Amino acid sequence: ALPVRIAPSILSADFAKLGEEVRAIDAAGADWIHIDVMDGHFVPNISFGPAVMKSVRGVTTKPFDVHLMISPVDAYLDAFAEAGADCITVHYEAGPHIHRSLQHIKGLGKRAGVVLCPGTPAKMLDYLLDTVDLVLVMSVNPGFGGQHFIPSQLKKIAAVRKMIDQTGRAIDLEVDGGVDPDTARQCIDAGADALVAGTAVFRGGPDAYADNIRALRGA
Ligand code: DX5
Ligand code: ZN
């Protein structure tokens, strides 16, 4: 299998120097840049929108892995595509028309992802795996960085891995929330091939970013 991809979440970055932070994680070996968009409605927190994402688009050529924690979501898909998203991931729980949202993202020429909250079973993917390019399993309840990994999600990661392998399609299995070198190892063993990390990458400041990313990859 491909070496695991590491997607640092800029939610944990120093917003007072966001451009420098993106440049720093790029140089430190990030594979993707995870952009956590929160609307204060789908999740009890507000982060940033397409304009802020666009402002750092030119800082790096690494793919923007956009995690939309917003509902309703369809009205914003074009804006994030135009602002430079490479993969746009929508919550299964954001509304009744997840299939249509994913089709729309594909129509925009972007990779399409679906993300499951901890309470949502893997079975909900049954009619989406012929469309998505990525499945994101939340290992915390969405809304904040720095939370503890929810161990029950390891079983779901293994179940999703099996479902993906049965499709024969190259679908990325990404895990997000409370990922550190210890939980990273467990996620990789369960079948994850991409890991989001905020706290575990940004802790210790810019001089620690490369070692923090290596520790997650080599976990
Ligand atoms: C939470 C976000 C996660 C979070 C990860 O809603 O989707 O990406 O920022 O932060 P850590 O790695 O600190 O849990
Ligand atoms: Zn996220």
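This is a predicted model, so every value here is computed, not measured.

A. Highlighting the site of ligand 1. Neighbouring ligand 1 are 20 residues; Asp36, Gly143, Asp176, Gly198 and Thr199 lie closest to it. Within the side chain of Asp36, an N or O atom sits 2.7 Å from an oxygen atom of ligand 1. With respect to ligand 1, the side chain of His67 contributes an N or O atom lying 3.1 Å from an oxygen atom. Look at ligand 1: alone it shows 380 Å² of surface, and the protein chains cover 99% of it. Spatially, ligand 1 is embedded in the largest pocket. For the shell around ligand 1, the element with the most residues is strand β2 (residues 33–38), which contributes 3 residues.

B. Spatial organisation of the sheet that holds strand β8 (residues 194–197). Taken in spatial order, the 8 strands line up as β1-β8-β7-β6-β5-β4-β3-β2 in an open sheet, and their pairing is parallel. Of all strands in the sheet, those bounded by a partner on one side alone are β1 (5–8) and β2. Each adjacent strand pair in this sheet contributes to an overall mean axis angle of 25°, direction not counted. Taken together, the 3 bridges between strand β7 (residues 172–176) and β8 define a ladder with parallel strand orientation. Within β8, the residue paired with Glu174 across the bridge is Ala194. The strands that helix α8 (residues 209–217) touches are β1 and β8; relative to β1, the one it contacts most, it runs at about 135°.

Reading the values: rules and limits
Residues numbered from 1 in each chain as written. Chains lettered and ligands numbered in written order. Predicted model: local features only at pLDDT ≥ 70, side-chain atom pairs only at ≥ 80, totals over all residues. Heavy atoms only, no water. Near = heavy atom within 4 Å. Polar contact = N/O pair within 3.5 Å; in protein donor to acceptor, adjacent residues only side chain to side chain. Areas by Shrake-Rupley, 256 points an atom, 1.4 Å probe, with all protein chains shown as cover. 1 Å grid on protein atoms, 1.4 Å probe; cavity = no way out; pocket = protein on both sides within 12 Å on 5 of 7 lines; lining within 4 Å. Sits in = over half its atoms within 2 Å of the grid points. Helix = DSSP H or I, 4+ residues; strand = E, 2+ residues; numbered from the N terminus. Pairing = 2+ DSSP bridges. Axes fitted to C-alpha atoms, helices over the stretch in contact; angles between N-to-C directions. Contact = heavy atoms within 4.5 Å.

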